[in-house]
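# Reading the structure
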Amino acid sequence: EPEVTQTPSHQVTQMGQEVILRCVPISNHLYFYWYRQILGQKVEFLVSFYNNEISEKSEIFDDQFSVERPDGSNFTLKIRSTKLEDSAMYFCASSEGLAGPTDTQYFGPGTRLTVL
Amino acid sequence: KNEVEQSPQNLTAQEGEFITINCSYSVGISALHWLQQHPGGGIVSLFMLSSGKKKHGRLIATINIQEKHSSLHITASHPRDSAVYICAVNSNTGNQFYFGTGTSLTVIP
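Residues numbered from 1 in each chain as written. Chains lettered and ligands numbered in written order. Predicted model: local features only at pLDDT ≥ 70, side-chain atom pairs only at ≥ 80, totals over all residues. Heavy atoms only, no water.

## Things to note about the overall build of chain B
A count of helices and strands for chain B gives zero helices and eleven strands. Helices and strands appear in chain B in the N-to-C order β-β-β-β-β-β-β-β-β-β-β. Over its C-alpha atoms chain B spans a radius of gyration of 13 Å, differing by no more than 12% from the 13 Å that the globule rule assigns to 109 residues. Counting only C-alpha atoms and orienting by the principal axes, one finds that chain B spans roughly 45 × 25 × 20 Å. The proportion of buried residues among the 109 residues of chain B is 46%. (Helix = DSSP H or I, 4+ residues; strand = E, 2+ residues; numbered from the N terminus. Rg over C-alpha atoms; globule rule 2.2 N^0.38 Å. Buried < 20%, exposed > 50% of the residue type's maximum accessible area, 1.4 Å probe, protein only.)

## Topic: the overall build of chain A
A tally of helices and strands in chain A yields zero helices and eleven strands. Listed N to C, the secondary structure of chain A is β-β-β-β-β-β-β-β-β-β-β in terms of helices and strands. Each of the three principal axes of chain A carries a C-alpha extent, and together these read 40 × 30 × 30 Å. Scored against the burial criterion, the 116 residues of chain A give a buried share of 48%. Partitioning the contacts of chain A with sequence separation of at least 6, the portion at a separation of at least 24 is 55%. Just so you have it, chain A exposes about 5800 Å², and 46% of that area is on carbon and sulfur atoms. Here chain A contributes 9 positive and 15 negative side-chain charges, whose respective centroids are spaced 6 Å apart. (Contact = heavy atoms within 4.5 Å. Areas by Shrake-Rupley, 256 points an atom, 1.4 Å probe, with all protein chains shown as cover. Lys, Arg positive; Asp, Glu negative; His and termini not counted. Charge placed at Lys NZ, Arg CZ, Asp CG, Glu CD.)

## Some remarks on the environment of Glu56 of chain A
Positionally, Glu56 of chain A belongs in strand β6 (residues 53-57). When the C-alpha positions of Glu56 of chain A and Ser95 of chain A are compared, they lie 15 Å apart, and in sequence the two are 39 residues distant. Among the polar contacts listed, one links the side chain of Glu56 of chain A to the side chain of Gln96 of chain B, at a separation of 3.3 Å. (Polar contact = N/O pair within 3.5 Å; in protein donor to acceptor, adjacent residues only side chain to side chain.)

## Some remarks on the interface of chain A and chain B
Counting from both sides, the interface comprises 16 residues of chain A and, opposite them, 19 residues of chain B. Among the residues chain A hides against chain B, the three largest losses belong to Lys42, Thr102 and Phe107 of chain A. Together they make up 36% of the total. The tally of links between chain A and chain B comes to zero salt bridges. Inspection of the region where chain A meets chain B yields four residue pairs in polar contact (both at pLDDT 80 or more). For the side of chain A that touches chain B, the secondary-structure elements that each account for two or more residues are β4 (31-37), β5 (43-50) and β6 of chain A. Residue contributions to the side of chain A that touches chain B peak at three residues, all from β4 of chain A. Residues of the side of chain A that touches chain B, tallied by class, amount to seven nonpolar, five polar and four charged. (Buried area = accessible area lost by both parts, 1.4 Å probe. Salt bridge = Lys/Arg side-chain N within 4 Å of Asp/Glu carboxyl O. Nonpolar A, V, L, I, M, F, W, Y, C, P; charged D, E, K, R; others polar.)

## Quick word on the sheet that holds strand β1 (residues 4-7) of chain B
Hydrogen bonds between backbone atoms are what pair the strands of a sheet, whose relative direction is either parallel or antiparallel. Residue and element names in this part refer to chain B. Pairing is antiparallel in the open sheet, where five strands are placed in the order β1-β3-β8-β7-β6. Each having just a single partner strand, β1 and β6 (52-56) make up the two edges of the open sheet. Recorded for the sheet is a direction-independent mean angle of 15° between the axes of neighbouring strands. Here β6 runs beside strand β7 (residues 59-64); their pairing, made up of five bridges, is antiparallel. Looking at β7, one finds that Lys55 is bridged to Ile60. (Pairing = 2+ DSSP bridges. Axes fitted to C-alpha atoms, helices over the stretch in contact; angles between N-to-C directions.)

## Let's talk about the pattern of salt bridges
The full count for this structure, using the stated rule, is two salt bridges over all chains. A salt bridge links Glu44 of chain A to Arg36 of chain A, with the nearest nitrogen and oxygen atoms 3.0 Å apart. For Arg36 of chain A, a relative accessible area of 11% gives the class buried. For Asp81 of chain B, the salt bridge is made with Arg58 of chain B, and the minimal N-O distance between the two is 2.8 Å. Taken together, the residues span a long stretch of sequence, with Asp81 of chain B in the loop between β8 (69-74) and β9 (83-91) and Arg58 of chain B in the loop between β6 and β7 at a distance of 23 residues. Here Asp81 of chain B falls in the buried class, since its relative accessible area comes to 6%.

Keep in mind these numbers describe shape, not what the thing actually does.
If you want it as C-alpha cells, here you go:
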C-alpha cells in the first residue's frame, strides 16, 4: 500500500542552524501538508501546498519557514535559523485532492527535531 | 483560544465497552476529521465528515453541523483501540486546519 515517507526520523541540530526535513508524498496526490506537534501538546497546522505553491499557512509559519517541491517526488520543509522552541515532531501529509483540501489525508511517520 | 474542544481528555474502559468521544468546534467548517495517534506517534485518518454519519468496522462517526458537534463511537472496544483520538476541522474561511488536544483512550483487557 502506498505510504508517505519522511526523512530523517530524528534530527538533532544546534540553535541557529538551518534544517531541511524531507517528505515523499504518495505519488498521485496533489495536496501536501506540514504539521508540528510539540511534545505533550496538540498537533498544529503549518502549511498546505498545491499546484507548486502555498495554498494556506498558519500564523506559526513565519519567514523562518519555507516549503519546496524540488522535484516530482520530494516535499521539503526548511527552517532557516532554528530556535529551541522549534523542537517538535514534524508530520508531513498528502491527499488526493479530488475533493479539494478537505480530502482524507495520509500522514508520514514524522521527524523528531531536537534543537540544542 | 481553542477552536476545537474534545471530551473527555482521558478515558479508561473495559474491553467490550461502548465508547463515545465528543468534539465541539466554534468555527465554520467544510469538513471534520477524526484521527488516531498511536503510542509511537504515527497518525492515521479514520474519518472525514461533512455531514451525517459514517461507519467503518466498529467505528462510527457522526456530525451535527447545526450544533457544531461530532462524536466518535467505538463498539465492542478492544485493547488494540488504545490510542489518542484527535478531532480536527477544515475551516471554511481560508482552509485553515484546527486540531483538538486529543482524547487518550486506554482499553483494559
